[in-house]
Amino acid sequence: MNLEMNEQEIREVIDKIVKRTMKMDLTWDWPCGVAYYGIADAYETTKNEEYLTLLKSRVDELIDLGLPKVWTVNACAMGHCLITLYKATGEQKYWDIVMSKIDYIRHEALRFGDNVLQHTVSANNDFPEQCWADTLFMAAFFLLRVGVELKDEDMIEDALNQYYWHIKYLQDPTTGLYYHGWDNIAGNHMSGFYWGRANAWAAFTMSQVGNILPKCYLYPKYMDVAGSLNEQLSAIKLLQTEDGLWRTILDDEESYEEISASAGIAAAMVSRGNPLHTKYLNKAIKGMLKNINVDGRVLNVSGGTAVMNDRDGYRKISRDWIQGWGQGLALAFFDRVLVSASIAKDGAL
């Protein structure tokens, strides 16, 4: 996939975003997890040792200050950067925390139905029998990465099972787009909107499965991941704005353009490697670059968003502040743009 971009400019943007992100006071929860995933990804892509040093120094500080007393699905997102730190340094303390998160996911996290992870943000049962697209990044993708690393087939199957049921619960078979959440008790999608960042969580994490799972074609549930992603991206590309971005409610022209959603969706397109997406990605590169401030802050990122009650609930979420997930997803996008020339797939798997 040959994209229209200036490699030096992309490297400079990545550097600015990393440096600005490390100035944020992020701790063990999901904003930090997504942000530091982006930094770990930038290190793995660029091999810039400074990024690893910055990340290691901050995570070591957080470890010294003390781990949270309990994990949640959202807090498991921090496991992503710990995988990178362990593989880069060999220090067992990082892997021990990874495995404590895995133990939580496998044995303590609330589940319903066919062992589907319930989305949790605290020690309380905040959202009984609800699955949210967010869980795919925070827990399912993390579980898959560790399962592959350990060659643990039970763990891999558990991760793929999360993808399978989130697809069944959240993807609209008519439009191909993803709802934000599913309430298994009520049997509905609650307010039922195609929230942009939910689609980004789904698209980005699905786009990574085939890249990290050896012989992915031998896992029946992977075929659902590939098929779901192909349908989603073929629909979502048509909702791109003239500025090369996507809205906080994808099919609502009165909703604002939202950069974390745009980054995650575009990163998925790059990872998928379909040449028919090239023209959309070239627009996305321009749109994303316009939303990176001179100091590396990613602009126009919506704040933390529950499954809101109505359309206005999504439209009115503030986008005035720097957010860890905006920083991390922007890095994930630009990291993949940097290596896009080496990505080419036929769309089948």
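Treat the numbers as computed from the prediction; the structure is a model and nothing was measured. (Residues numbered from 1 in each chain as written. Predicted model: local features only at pLDDT ≥ 70, side-chain atom pairs only at ≥ 80, totals over all residues. Heavy atoms only, no water.)

A. Structural detail: the overall build of the protein. When you go through the protein residue by residue, the secondary structure sums to 13 helices and 4 strands. Expected size for 349 residues packed as a compact globule is a radius of gyration near 20 Å; at 18 Å, the protein falls within 12% of this value. Overall, the protein is about 50 × 45 × 40 Å in size when its C-alpha atoms are taken along their principal axes. Counting the 349 residues in the protein, one finds 59% classified as buried. When contacts within the protein are restricted to residue pairs at least 6 apart in sequence, long-range pairs at least 24 apart make up 71% of them. By element, 48% of the accessible surface of the protein is carried by carbon and sulfur atoms, the whole surface being about 13800 Å². Between the mean site of the 34 positive side-chain charges and the mean site of the 46 negative ones, the protein shows a separation of 4 Å. (Helix = DSSP H or I, 4+ residues; strand = E, 2+ residues; numbered from the N terminus. Rg over C-alpha atoms; globule rule 2.2 N^0.38 Å. Buried < 20%, exposed > 50% of the residue type's maximum accessible area, 1.4 Å probe, protein only. Contact = heavy atoms within 4.5 Å. Areas by Shrake-Rupley, 256 points an atom, 1.4 Å probe, with all protein chains shown as cover. Lys, Arg positive; Asp, Glu negative; His and termini not counted. Charge placed at Lys NZ, Arg CZ, Asp CG, Glu CD.)

B. Local environment of the pattern of salt bridges. According to the stated counting rule, one finds 19 salt bridges in the structure shown. Asp252 is paired through a salt bridge with Arg315; the nearest N and O atoms lie 2.8 Å apart. Note that Asp252 is positioned in the loop between helix H9 (220-236) and helix H10 (259-272) and Arg315 in helix H12 (residues 311-315), a separation of 63 residues in sequence. The partner of Asp312 in a salt bridge is Arg315, and the shortest N-O contact between them spans 3.4 Å. Remark: Arg315 and Asp312 occur in helix H12; sequence separation between them is 3 residues, near one turn of the helix. Accessibility expressed as a relative area gives 23% for Arg315, which makes it partly exposed. (Salt bridge = Lys/Arg side-chain N within 4 Å of Asp/Glu carboxyl O.)

C. Just a nonpolar patch on the surface, in detail. Together, Tyr217, Leu218, Met223 and Leu349 make up a nonpolar patch on the protein surface, roughly 390 Å² of accessible area in all. Relative to the helices and strands, Tyr217 resides in the loop between helix H8 (196-212) and H9. (Patch = residues over 30% accessible without salt bridge, like charges linked within 9 Å, V, L, I, M, F, W, Y side chains within 5 Å.)

D. How the structure looks around the nonpolar core. Tyr36, Trp201 and Phe333 are the most contacted members of the largest nonpolar core, which has 129 residues in total. Residue contributions to this core peak at 11 residues, all from helix H6 (residues 134-150). Excluding residues that lie within four positions of it along the chain, Phe333 makes contacts with Ala263, Ala266, Ala267, Val270, Leu281, Ala284, Ile285 and Met288. (Core = buried A, V, L, I, M, F, W, Y, C linked by side-chain atoms within 4.5 Å.)

E. Main features of unusual backbone geometry. In this model, Lys47 sits at a positive phi of 60°, which is unusual for a non-glycine residue. Mapped onto the elements, Lys47 comes out in the loop between helix H2 (30-46) and helix H3 (49-65).

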